[in-house]
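What follows is the residue order along each chain.
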Amino acid sequence: FEPAEGRVLYNGDDFYSHFDLYRSLIGYVPQEDIIHRELPVGQALRYAARLRLPADTSEGEIESRIERVLAEVEMETQEEQIVGQLSGGQRKRVSIGVELLAEPGVFFLDEATSGLDPGLEKKLMYTLRRLADGGRTIVLVTHATANIKQCDHVAFLSEGRLVFFGPPDSALSFFEVSDFADIYGEIEREPALWEKRFRESSYYERYVLSRLSPSAHRVSSADGPPAAASRLMPHAPRAHPLRQFTTLTQRYFELVVRDKVLLTVLLAVMPLVGLLLAMIAVPSALTGDSPERIAQIVAESGSYTIAGQAQTVLLMLALAAVLLGLFSASFELVRERAIYQRERMVNLRLGPYIASKLAVLIGFAALQSMALIVVVAFKVQFPFDGVLLPGPLEVYLTLLLASIAGIMLGLFISALVAGMNSVIYIVLVVVFAQIIFGGVVFDLPGVAQPLSYLTLTRWTVEALGSTVDMPRLNSLGQIEVRRTIDTVDPLTGAQVQRQVVYRDQLPVQFNVDYAHTADHLLSRWAILMAFSIVLGMLTIWAQSRWSATDRKRTSGLSRAST
């Protein structure tokens, strides 16, 4: 993922200069799993094959290759087992199987035996031995030495210095120890001295100098690819974006369905919020009462104001929509970053990857927004007519646009953070910002006023208020004050007491604009869509920082198209 400070030669050819030629020929298994734990083993391999293999590969060929790979890593009996239920060694073998699908000639494994018990480590090392015997070059980074003799050659490094390279048995002779563990103590004390001894030994001449191809000394990183290499090794195939989008969307949908917690969030939260909102809201909160009912309420309580209640209901609807999208998307990119980085290095396109997330999340958001309105409508009456469309439809479109903007904000946060631990704290800050700076609950001072325009809740509430005609609801507010005053009877001149009724309007002072016009509603929808577009562009930028393929312009890794 990061270019080395020295040079990397592949059969004498500069690897970084010709990255496109070789990246499809190299297998790489990082320390983290490069498979989704929620999928069955066979299904995980099936999705990987559809993403990595050429587009003309038939389903029969994919199934045949999966069977062969499972046999190579001895996982045939676990094909239907969920990856998360496997042991650490089995998961590592599945990750190896994912890489074997493309039949790489060179295989790199980073700490493949880390965290495994001795039995699993031995089994994995013997598996790698068999793979090497099949004609592959396997490079393994490890600190476990119990089964190191399965390797043909071993390289010991200390403080960046090569202090030995050769067969394992020769290492024991060179360091004059009987156990590989004793070598660590030797090379940690005097790495420079051991490097000097190795360079002056016959091992260096035999296992290093003699193995270097003459072309390794004459090929420059600035040179073009050799003619033979250009003819024999085509560029890595460019995957079709629509095919990748379809495969990624299917995989992500299956992951969501299998993740019971996420599925619950995406399906049950909004109806629950709607139920809680319906419990506290009055039926006429969004439409107002009839003149007769208003007069009755005023006579009983002395006042009538519905605009404040309406504004509270609209704020809760707006927050529910924004936070649904925010919470559903804020973990989706960061939690599979290791998988993304590996697939991106092979042939994954960034556009289809982000689009697949959006397709599934927006689909669930559309269902959730509808469920919210339906549940609330059991108690609260929505206005029949909106500004341009029927009232419930306008409310639904506003909530859907708010959810989409929330999804884009969540994806941006997920692409921006380095780890999952920091996501919840950033989301918490964003939630409070949506409430405090939305301008609905608090009257913002001049310094904080501009921040209100950066919140999604403000524009969502304004669009909802336009649909329900908040100015009309505000005009319904009334107050009645009854006072007894002393006066003089004009006929008798006697002092008498008389009851006087004072009536006046009781408007609510709004901090946001609720104009009931088509221009106002359409402009708020346009602002929410603009937020989604800008956040989408920021998400693509932030996600590209985690991929060597996307950093190539500054690092010079390759000329592959992003």
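Residues numbered from 1 in each chain as written. Predicted model: local features only at pLDDT ≥ 70, side-chain atom pairs only at ≥ 80, totals over all residues. Heavy atoms only, no water.

Examining the overall build of the protein chain
Our working definition: In this description a helix means any DSSP run of H or I spanning at least four residues, a strand means any run of E spanning at least two, and both kinds are numbered starting from the N terminus. Between the two quantities, the radius of gyration covers C-alpha atoms and the globule rule is 2.2 Å times the number of residues to the power 0.38. The buried label goes to any residue with under 20% of its type's maximum accessible area, the exposed label to any with over 50%, and the partly exposed label to all in between, with areas taken from a 1.4 Å probe on protein chains only. Note on contacts: a residue pair is in contact if any heavy atoms of the two residues lie within 4.5 Å. Shrake-Rupley sampling with a 1.4 Å probe provides the accessible areas, and residues are treated as covered by the protein chains on show and by no other component. Positive: Lys, Arg. Negative: Asp, Glu. His and the chain ends are not part of the count. Throughout, a charge is located at the NZ atom of Lys, the CZ atom of Arg, the CG atom of Asp or the CD atom of Glu.
Counting secondary structure elements, the protein chain contains 24 helices and 10 strands. In terms of C-alpha radius of gyration, the protein chain reaches 34 Å, well past the compact-globule figure of 24 Å for 562 residues. For the protein chain, the C-alpha atoms occupy an extent of roughly 135 × 55 × 45 Å along the three principal directions. When each of the 562 residues of the protein chain is scored for burial, the buried share is 50%. Residue pairs at least 24 apart in sequence account for 74% of intrachain contacts in the protein chain once pairs closer than 6 positions are excluded. Element-wise, carbon and sulfur atoms account for 58% of the exposed surface of the protein chain, whose accessible area totals about 27,300 Å². When the 51 positive and 58 negative side-chain charges of the protein chain are each reduced to one mean point, those points stand 3 Å apart.

Digging into the pairing of strand E4 (residues 106-110)
Keep this limit in mind: What makes two strands pair is DSSP finding at least two bridges between them. When the strands point away from the viewer, a crossover counts as right-handed if the path from the first strand over the helix to the second runs clockwise.
In this sheet, E4 lies alongside strand E3 (residues 26-29) in parallel orientation, the contact comprising 4 bridges. Of the residues in E4, the one forming a bridge with Val29 is Leu109. Considered for its hand, the β-α-β crossover made up of E4, helix H5 (residues 118-133) and strand E5 (residues 137-141) is right-handed.

Here we look at empty space enclosed by the protein
As a reminder, the rule being used: Only protein atoms enter the 1 Å grid, on which a cavity is a set of points fitting a 1.4 Å probe that cannot get out and a pocket is an open set with protein on both sides within 12 Å along at least 5 of 7 lines, lining residues being those with an atom within 4 Å of a point. Grid points are joined across faces, edges and corners, and a volume is the space filled by probe spheres set on the points. Each residue is assigned to one class: nonpolar for Ala, Val, Leu, Ile, Met, Phe, Trp, Tyr, Cys and Pro, charged for Asp, Glu, Lys and Arg, and polar for all the others, Gly among them.
Per the stated rule, a full pass over the model turns up 3 cavities of 30 Å³ or more. In this structure, the largest cavity occupies an estimated 80 Å³ of space. Along its surface, the largest cavity is lined by Ile34, Ile35, His36, Leu39, Ala44, Tyr47, Ala48, Arg52, Val98, Arg251, Ile339 and Glu343. Residue assignment for the lining of the largest cavity shows that the elements contributing at least two residues are helix H2 (41-52) and helix H16 (337-346). No other element matches the 4 residues that H2 contributes to the lining of the largest cavity. Grouping the constituent residues of the lining of the largest cavity by class yields 8 nonpolar, 1 polar and 3 charged. In this structure, the second largest cavity spans a volume of roughly 50 Å³. Secondary structure elements with two or more residues in the lining of the second largest cavity: E3 and H16.

A look at the environment of Phe165
Mapped onto the elements of the fold, Phe165 is located in strand E7 (residues 161-166). Dropping the residues within four chain positions of it, Phe165 is found in contact with His153, Val154, Ala155, Phe198, Tyr203, Tyr207, Val208 and Arg211.

A closer look at a nonpolar patch on the surface
The condition is simple: Only residues whose relative accessible area exceeds 30% and that form no salt bridge enter a patch; like-charged residues are grouped when within 9 Å of one another, and nonpolar side chains (Val, Leu, Ile, Met, Phe, Trp, Tyr) when within 5 Å. Salt-bridge detection follows one rule: a side-chain nitrogen of Lys or Arg within 4 Å of a carboxyl oxygen of Asp or Glu.
A grouping of Leu428, Phe432, Ile435, Ile436, Val441 and Phe442 is seen on the molecular surface, where their side chains present a nonpolar patch of about 510 Å² in accessible area. Assignment of secondary structure puts Ile436 in helix H19 (residues 423-436). By relative accessible area, which is 34% here, Ile436 ends up partly exposed.

Here we look at the side chain of Asp33
Our working rule: Think of a polar contact as two N or O atoms within 3.5 Å of one another; within protein, one of them needs to be a possible hydrogen donor and the other a possible acceptor, and neighboring residues in sequence only count if both atoms come from side chains.
Among the structural elements, Asp33 can be located in the loop between E3 and H2. The buried category is assigned to Asp33, whose relative accessible area is 16%. Here Arg91 takes part through its side chain, which lies 3.0 Å from a polar atom of the side chain of Asp33. Residue contacts for Asp33: discarding those within four places in its chain leaves Arg91, Ser95, Ala338 and Ile339.

So, the environment of Leu388
Relative to the helices and strands, Leu388 resides in the loop between helix H17 (350-377) and helix H18 (391-416). We classify Leu388 as partly exposed; its relative accessible area is 46%. C-alpha separation for the pair Leu388 and Leu521, spaced 133 residues apart in sequence, amounts to 8.7 Å. Excluding residues within four positions of it along the chain, Leu388 makes contact with Glu394, Ala518 and Leu522.

What to know about the side chain of Ser356
Among the secondary structure elements, Ser356 is positioned in helix H17. Residue Ser356 is classed as buried on the basis of its relative accessible area, which comes to 2%. Beyond its immediate sequence surroundings of up to four residues, Ser356 is in contact with Phe245, Leu248, Thr249 and Tyr252.

Details of helix H15 (residues 307-329)
Worth spelling out the cut-off: Under the convention used throughout, the expected extent of a helix is 1.5 Å for every residue step, that is, one less than its residue count.
Between its first and last C-alpha atoms H15 spans 33 Å; for 23 residues at 1.5 Å apiece the expected length is 33 Å, and the two agree. Across the 23 residues of H15, 18 count as buried, placing the element largely inside the fold.

Points about the nonpolar core
Put simply, the rule reads: Buried residues of nine kinds, namely Ala, Val, Leu, Ile, Met, Phe, Trp, Tyr and Cys, make up a nonpolar core once their side-chain atoms join them within 4.5 Å.
The biggest cluster of nonpolar side chains holds 89 residues, and the ones touching the most others in it are Leu317 and Met470. The residues touching Leu317, leaving out its near neighbours within four places in the chain, are Leu277, Leu372, Val376, Leu399 and Leu464. One finds Val29, Val41, Val69 and Leu86 within the second-largest nonpolar core, a separate group that totals 29 residues.

Considerations on the packing of H15 against H17
We apply this condition: What counts as an axis is a line fitted to C-alpha atoms, over the stretch in contact for a helix, and the angles between N-to-C directions run from 0 to 180 degrees. Roughly parallel refers to an angle under 35 degrees, roughly antiparallel to one over 145, roughly perpendicular to one between 65 and 115, and oblique to any angle outside these ranges. Take the far helix as the reference: if the near one is turned anticlockwise from it by less than a right angle, the crossing is left-handed, and if turned clockwise, right-handed.
Following both chains from N to C, one finds H15 and H17 inclined at 150°, their axes separated by 11 Å at the closest point. Here H15 lies roughly antiparallel to H17, going by the angle between them. Pair H15 / H17 crosses with right-handed handedness. Contacts between H15 and H17 involve Leu317, Ala320, Leu324, Ser328 and Ala329 from the former and Leu361, Ala365, Gln368, Leu372 and Val376 from the latter. When grouped by side-chain class, the residues that make up the contact of H15 with H17 number 8 nonpolar, 2 polar and no charged.

Here we look at the pattern of salt bridges
Here the idea is simple: oppositely charged side chains can pair when their charged atoms come close. With the rule as written, the count across this model stands at 25 salt bridges. For the salt bridge of Glu59 with Arg50, the shortest nitrogen-to-oxygen distance reads 3.5 Å. A relative accessible area of 42% means that Glu59 is categorised as partly exposed. For Glu72, the salt bridge identified is with Arg136, shortest N-O distance 3.2 Å. Of this pair, Glu72 sits in helix H3 (residues 59-72) while Arg136 sits in the loop between H5 and E5, and the two are 64 residues apart along the sequence. With a relative accessible area of 16%, Arg136 lands in the buried category. A single network of salt bridges, built from pairs that share partners, joins Asp33, Arg37 and Arg91.

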